[in-house]
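# Structural overview for review
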Amino acid sequence: MTYQIMYVEDQPFWYETLKGELDRVIKDMVKNKPDELDKYDYEITNADCGETAINFFNEKIFDLLIIDLHLSMKKPGPGVDAVEGEGFKIVSKIKKSKSYKTDPPKILYFSGDDPSRLQAEGVIKAEMIEQGDIFDKDDKGMKLIVHQIQQYITDPQYFEDEKFRRKYKHFINVLEKNEKKDIATKLIRAGNLFEGDLELTEGNYFQLLADLIEDLIEMIFKNYLPVTDNDIEKSKDKNAKYYNKRTKIRDLSLEDYIYINANRSKLNHDNYLSYIYHSKEFLTDSEYFLFNNASMTLRKLKHSNNPIHKQSESYIKNIASSYYYSILALLDKLVLFDENNFSN
């Protein structure tokens, strides 16, 4: 498959420089294995203004968009006043194109003058783009951006991970904000497996989903809604008693209800979800049913002696879909929780 690159640049020198440098890097990479050159097929399309780029995007899907922020929407000419520094405006128009809506590309930016750099800094602060996606328009910046493109072309998994990161940016941000990059890595892997062509009949996929929802519940417990000593003391003052549905044990204290062991090192996930639903009112009725069902069923599948691949393909895909989207719904809950707390 040909990797499609759109480079929006009105100066032929920079277009030829990027193309030449990328050609050189790819050829150097396979110089001892020339037969592999065909594996890394790519095509660079050049647009010299915003309007031309938008026209291309209305006709064709691109994997990568590179744009100089200093560019104008219209091509300068007789009777046409070109306004410089319209890079972000061009991108916003491209995002409305048919191909972008179908399959949005990764976007990298060149910033070649002070106004463009100031503009980029403001957009970064607004968290609309990432610092690592902007490159200085000089020899060093060109080498850095070519290295990035090389990774996309030669490492399909790296490219797919980037696509998932873009699609679920808010979820990844929540996890990384909570210093849970390991969970983010699992989420990216689960998403790529689910949304790709891989068969979902392997039991280890459901083990991955089970690990994910367990990790998320633990994160909520530690970083969002912990059960504090004060909560435990208040429940004692109220003489609150809890019932463990799994063990059928009644009249439990909050401490014995929430934790599986006496030293509080292991959380009872089912009971904790019930607690934040009933006592903290963190979950709605439908959310509690959704997350609790996903947690219990995935745990059973994770430890089951009856492999999931013995079930029918339609059954497997249905439950994979149900529990994968349950996990995304739980992350969406945390995104909203963070936004509400920030606004307050």
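In case you missed it, the structure is sitting above this.
Keep in mind it's a predicted model, so treat the numbers as computed, not measured.

## Considerations on the overall build of the chain
When helices and strands are counted, the chain shows 15 helices and seven strands. Scored against the burial criterion, the 344 residues of the chain give a buried share of 44%. Surface summary for the chain: the accessible area is close to 19,200 Å², and the carbon and sulfur share equals 48%.

## Focus on the packing of helix H7 (residues 156-167) against helix H9 (residues 181-195)
Close contact between H7 and H9 brings their axes to 10 Å; oriented N to C, the two are set at 100°. One finds that H7 runs roughly perpendicular with respect to H9. In this structure, H7 uses Gln157, Glu160, Asp161, Phe164, Arg165 and Lys167 to contact H9, whose residues at the interface are Leu187, Ile188, Gly191, Asn192 and Glu195.

## Comments concerning the pattern of salt bridges
In the structure shown here, the tally under the stated rule is 18 salt bridges. A salt bridge links Asp28 to Arg24, with the shortest nitrogen-to-oxygen separation between them at 2.9 Å. Placement of the pair is Asp28 and Arg24 together in helix H1 (residues 12-29), with a separation of four residues, close to one helical turn. Note that Asp270 and Arg299 form a salt bridge whose closest N and O atoms lie 2.7 Å from each other. Here Asp270 is found in helix H13 (residues 269-278), whereas its partner Arg299 is found in helix H14 (residues 285-302), with 29 residues between them in sequence. Here the salt bridges share partners, and the residues they tie into one network are Glu9, Asp68 and Lys137.

## Details of the packing of aromatic side chains
In total, this model carries 17 aromatic pairs according to the counting rule given. The interplanar angle of 50° and the centroid separation of 4.8 Å between the aromatic rings of Phe164 and Tyr168 together place this pair among those described as tilted. For the pair Phe164 and Tyr168, a shared accessibility class is recorded, and that class is buried. Among the aromatic side chains, those forming a connected cluster through ring pairs are Tyr7, Tyr15 and Phe110.

## A short note on helix H3 (residues 87-94)
Of the positions making up H3, those classed as buried are Gly87, Phe88, Ile90, Val91 and Ile94. Take H3 and look down its axis: the buried residues cluster within an arc of 155°, on one side only.

So, how was this worked out
Residues numbered from 1 in each chain as written. Predicted model: local features only at pLDDT ≥ 70, side-chain atom pairs only at ≥ 80, totals over all residues. Heavy atoms only, no water. Helix = DSSP H or I, 4+ residues; strand = E, 2+ residues; numbered from the N terminus. Buried < 20%, exposed > 50% of the residue type's maximum accessible area, 1.4 Å probe, protein only. Areas by Shrake-Rupley, 256 points an atom, 1.4 Å probe, with all protein chains shown as cover. Axes fitted to C-alpha atoms, helices over the stretch in contact; angles between N-to-C directions. Parallel < 35°, antiparallel > 145°, perpendicular 65-115°, else oblique. Contact = heavy atoms within 4.5 Å. Salt bridge = Lys/Arg side-chain N within 4 Å of Asp/Glu carboxyl O. Phe/Tyr/Trp six-rings, centres within 6.5 Å; stacked < 30°, edge-to-face > 60°. Arc of directions from axis to C-beta.

None of this, on its own, says anything about what the molecule does.
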